[in-house]
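One letter stands for each residue in the lines below.
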Amino acid sequence: MDIIKNLQEKDLRHIWHPCSQMKDYESFPPIIVKKGEGVFLEDLKGNRYLDAVSSWWVNLFGHSNKRINEALKDQLDKLEHVIFANFSHEPAIELAERLAELAPGKINKMFFSENGSSAVEVALKVSFQYHQQNGQTKKKKFIALENAYHGETVGSLSLSGVGKYSNIFEPLLFDVFRSEAPDCLRCRYGGNRDSCEAECFASMEALVKEKHEEISGIIIEPLVQGAAGLKIYSPVYLKKLRKLCDQYAINFIADEIAVGFGRTGKMWACEHADVAPDLMTIGKGLTGGYLPMALTLVTDRIYDAFYDDYETSKAFIHSHSYSGNALACRAAVATLDIFDEDDIIENNKEKSRMLKEKVEKIIDEIPWVGEYRQIGMIGAIELVQNKETMECFDWKERIADRIYKKALQKGVLLRPMQNVIYFMPPYIINEQEMDMMINTAKESILECFKERSKEHGI
């Protein structure tokens, strides 16, 4: 039997892949990756795929990055992991110290976990317990935005507002106050994200004024709602939110898991608004795409509310088996080294400009583009059925999935969301690779709609 087919059959016999209808794999079996190098992945047949989505947004500096590889090899001979209660190690200490220097505002303490959803769960529990032991016992609820995405565990899923992830689990989820989310493409206030005063914040303001006595924290994806389709909104929204949280003693929780580490053009998305949250979750790019790790960063003010004699029962009793994993910490330190040594944030400005310029040149060739939006190294093409009404395509048509498959055949990994084709490549991408990524996206979109027209007799 062909070795690839054999591996695919074994895979499908035992593996349940994430975010997938496994029946689809009958006609589109998993691609078995042999190796990765730079922005490319290579399968067992020798086919190469440009990783335009950084393997779910985690890879910052390319696959098999030599500097991160060397750091991990060195660490492997010293310490792989140790219980993180009453023990510590140099990579964790260095990472925490450096992140404290980079974090916005007065965020100075950090709690280690293993993935983004867990980091959000930590933030929720910390915020809740903070208010409970500070005498504000009515503050038991949270506000999240419509179309928010904060993870897949029950607590983080409760905050999420993307129905395809959460609807079936509603009986398991806790109640959350839901505020209107910015929707700049279809702004009902007639505004523009580049010049508006975030008039859409009125919904949040009204909700907080009515319910503030009950609200422990407000969680938000700063500037970009990821799973909603890379929806980008005005920094003014964050400025108003910071002010409102201060006014009503509510914790501002910034979920920077997807947008941190330079994705938006600054180290943290909150920097665009010159605001600092009370709690901040980070992950994904934290280890350069190598190992699972996430952190919940908090201010000293919040940390100090837990610091007391043991008998007061104010400690935060929460743990993860792999908290502070030494290998992951060392990969994260190596990642920060690359940011410093290669001046990544500054150098990405030119790549961001190049990306925008190149995509905008092809937009007119694609009649179904409702908008191209970009911030930093995140670019999103939203496809619409009607450019005047901005009507979306029926999700059952699976337009994005068809484009995804065509792009793979051409050697580019684009994993779209809904009707959005997006670019979030590793920062090491060069101009030639960028051209390949963009042109492949254009060709795949045009081919998809040409086929669709024939199917619909248009």
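In this text the structure is predicted, and so the values were computed from the model without any measurement. (Residues numbered from 1 in each chain as written. Predicted model: local features only at pLDDT ≥ 70, side-chain atom pairs only at ≥ 80, totals over all residues. Heavy atoms only, no water.)

## Looking at a nonpolar patch on the surface
A cluster of nonpolar side chains, Val 154, Ile 168, Phe 169 and Leu 172, forms an exposed patch at the surface whose accessible area comes to about 410 Å². Tracing the chain through its elements places Leu 172 in the loop between helix H7 (163-166) and strand E6 (177-179). According to the relative accessible area criterion, Leu 172 is exposed, its value standing at 58%. (Patch = residues over 30% accessible without salt bridge, like charges linked within 9 Å, V, L, I, M, F, W, Y side chains within 5 Å. Areas by Shrake-Rupley, 256 points an atom, 1.4 Å probe, with all protein chains shown as cover. Salt bridge = Lys/Arg side-chain N within 4 Å of Asp/Glu carboxyl O. Helix = DSSP H or I, 4+ residues; strand = E, 2+ residues; numbered from the N terminus. Buried < 20%, exposed > 50% of the residue type's maximum accessible area, 1.4 Å probe, protein only.)

## Topic: the packing of aromatic side chains
All chains considered together, the criterion is met by 16 aromatic pairs. A centroid spacing of 6.0 Å and a plane angle of 70 degrees characterise the contact between Phe 61 and Tyr 427, whose relative ring orientation is edge-to-face. On the criterion of sequence distance, the pair formed by Phe 61 in the loop between helix H2 (54-57) and helix H3 (66-76) and Tyr 427 in the loop between strand E16 (420-423) and helix H14 (431-455) is long-range, its members being 366 residues apart. With 6.4 Å between their ring centres and 45 degrees between their planes, Phe 261 and Phe 339 make a pair best called tilted. Residue Phe 261 is found in the loop between strand E10 (251-255) and strand E11 (279-282), and its partner Phe 339 is found in helix H11 (residues 326-341); the two are separated by 78 residues along the sequence. Assigned by exposure class, Phe 261 and Phe 339 land together as buried. Three or more aromatic residues joined by ring pairs make a cluster, and in this case those are Phe 61, Phe 261, Trp 268, Phe 339 and Tyr 427. The lysine or arginine in question, Arg 48, covers the ring of Phe 40, its NZ or CZ lying 4.0 Å from the ring centre. (Phe/Tyr/Trp six-rings, centres within 6.5 Å; stacked < 30°, edge-to-face > 60°. Lys NZ or Arg CZ within 6 Å of the ring centre and 35° of its normal.)

## Quick notes on the domain arrangement of the protein
Segmenting the protein into domains produces domain 1 (31-64 + 345-456) and domain 2 (68-342). Relative to domain 2, the C-alpha centre of domain 1 lies at a distance of 27 Å. Listed as interface residues are 30 residues of domain 1 and, on the opposing side, 32 residues of domain 2. A combined buried area of about 2,700 Å² lies between domain 1 and domain 2, and 60% of that area is made up of carbon and sulfur atoms. Of all residues in domain 1, Phe 61, Ile 345 and Ile 375 give up the largest surface area on contact with domain 2, accounting jointly for 23% of the area buried on that side. On the surface where domain 1 and domain 2 come into contact, there are 2 salt bridges. Residue Glu 382 is joined to Arg 186 by a salt bridge in which the shortest nitrogen-to-oxygen separation is 2.9 Å. The biggest single contributor to the side of domain 1 that touches domain 2 is strand E13 (residues 369-375), with 5 residues. By residue class, the composition of the side of domain 1 that touches domain 2 is 19 nonpolar, 8 polar and 3 charged. (Domains from an automatic or database assignment. Contact = heavy atoms within 4.5 Å. Buried area = accessible area lost by both parts, 1.4 Å probe. Nonpolar A, V, L, I, M, F, W, Y, C, P; charged D, E, K, R; others polar.)

## Brief notes about the sheet that holds strand E7 (residues 215-220)
With respect to topology, 7 strands assemble into an open sheet ordered E4-E12-E11-E10-E7-E5-E6, the strand pairing being mixed. Edge positions in the sheet fall to strand E4 (107-113) and E6, since each of these pairs with one other strand and no more. Strand-to-strand twist across the sheet, computed as the mean angle between neighbouring axes with direction ignored, equals 20 degrees. With 3 bridges connecting them, strand E5 (residues 141-145) and E6 associate as parallel partners. Within E6, the position partnered with Leu 145 by the bridge is Ser 179. Sitting on the sheet, helix H5 (residues 116-132) touches E4, E5, E7, E10, E11 and strand E12 (294-299), and the angle it makes with E12 is about 25 degrees. (Pairing = 2+ DSSP bridges. Axes fitted to C-alpha atoms, helices over the stretch in contact; angles between N-to-C directions.)

## Considering the packing of helix H12 (residues 344-363) against H14
Across the interface, H12 lies against H14 with an axial gap of 10 Å and an inter-helix angle of 30 degrees. Compared by their axis directions, H12 and H14 come out roughly parallel. For the pair H12 and H14, the sense of crossing is right-handed. On H14, the residues that touch Lys 351, Met 354, Leu 355, Lys 358, Val 359 and Ile 362 of H12 are Glu 431, Met 434, Asp 435, Met 437, Ile 438, Asn 439 and Lys 442. (Parallel < 35°, antiparallel > 145°, perpendicular 65-115°, else oblique. Left-handed = near helix turned anticlockwise from the far one by under 90°.)

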